Amino acid sequence: MLRTSYITFVGKLREGISSSRRCDSFATEGADGRSALLCIPCSSGDPFAVYETSLHLSIIFSSSKQTESVLSHLLPQRPVQGATRDLEEQISETATRPSEASSLTLSHWTITLTLLYTLVVNYPSQRRFYEMHQELSATCGMPSPLDQWLKSVARTLHRGHPFQLAQIVRVSYVEGHLPLPSDDAQTASFPHLPSVALECLLDNIQGLSRQSSWRILMSAYREFGLPVGDTRTWLSSQLILEKSSSTDLDEWLREREEKGEISRKEGTIDRWVVELKR
């Protein structure tokens, strides 16, 4: 309830400030004189600031409706999902709008979050991701390491390589290899919002890979036993679960059991039978 109320409040405040184009003290400071909770336009009057902060919050709160609304303002004429036009037509149209292209100055954080969100909501199709990637690369540009990482995440997810995917979507890997600032000036009051939103999307991507691997495993095996050989470690790897602890895997199996996908084999310990029709 609190999350829904907060998201609604953010959306209405965002729309009000954007429509009025206010850049005064009300828009930049809270009632107590500190930076506003929503980190909306700073003294530079950046029109994207309120939307970028709303984007971070909507992703963290898993509010797709709000995310779509925010992106419709940040990326006009660039839907992140749904039916798409021919790519050549979109590129041609973009080329006829030089003023819009030149004015599009999204941060690397926003570009990254937008592309990852596009990858998640359109899964398993990646057509819109690559269309959006081409458009944003042409109009905004992005550092080569970030560009290569985004394409690597999409490629590895598509090919169904859970172990490789787990390596490149770890927060420690992202922090050590990508040119994303640790403190975004547009979210000075809450500098960790972008990184928290990124972590949420990376969790979603791992979840997509996990579900895909699980469907393959259920179609390939009628039953399996965790004590057999190194099954626990192998299964944890395939499902991108923590291998150093059995907690995540055991919780995952309990959830599958509650959903009726598997059941414990009678008279055995840690041996499971696949229940779903293949």
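Residues numbered from 1 in each chain as written. Predicted model: local features only at pLDDT ≥ 70, side-chain atom pairs only at ≥ 80, totals over all residues. Heavy atoms only, no water.

## A look at the packing of aromatic side chains
How we decide: For Phe, Tyr and Trp, rings pair up if their centres lie within 6.5 Å, where Trp contributes its six-membered ring, and each pair is then called stacked (planes under 30 degrees apart), edge-to-face (over 60) or tilted (otherwise). Only DSSP runs of H or I reaching four residues or more are called helices, and only runs of E reaching two or more are called strands; each is numbered from the N terminus. Burial classes: relative accessible area under 20% of the type maximum marks a residue as buried, over 50% as exposed, and values in between as partly exposed (1.4 Å probe, protein chains only).
Considering all chains together, one arrives at four aromatic pairs under this definition. Judged by centre distance (6.4 Å) and plane angle (85°), the ring pair of Trp214 and Phe224 falls under edge-to-face. Taken together, the residues span a long stretch of sequence, with Trp214 in helix α12 (residues 193-220) and Phe224 in strand β1 (residues 223-225) at a distance of 10 residues. Using a relative accessible area of 14% as the deciding quantity, one classes Phe224 as buried. Geometrically, the ring pair formed by Trp214 and Trp252 is edge-to-face, given 5.8 Å between the ring centres and 90° between the ring planes. With Trp214 in helix α12 and Trp252 in helix α14 (residues 247-258), this residue pair connects regions lying 38 residues apart in the sequence. Taken individually, Trp214 and Trp252 each receive the classification buried, so the pair is uniform in this respect. Three or more aromatic residues joined by ring pairs form one cluster here, namely Trp214, Phe224 and Trp252.

## A look at the pattern of salt bridges
Rules: For this document, the term salt bridge refers to a Lys or Arg side-chain nitrogen within 4 Å of an Asp or Glu carboxyl oxygen.
Applying the stated criterion across every chain yields a total of 10 salt bridges. In this structure, a network of salt bridges that share partners links the residues Arg127, Arg128, Glu131 and Glu135.

## Structural notes on the pairing of strand β3 (residues 271-274)
Consecutive side chains of a regular strand alternate in pointing toward one face of the sheet and then the other. Applicable threshold: In this analysis, strands are considered paired if DSSP registers two or more bridges between them.
The side-chain alternation of β3 yields one buried face, formed by Trp272 and Val274, and one unburied face, formed by Arg271 and Val273. With three bridges connecting them, strand β2 (residues 262-264) and β3 associate as antiparallel partners. Opposite Ser263, over in β3, you have Val273 as the bridge partner.

Distances and angles like these do not, on their own, reveal function.
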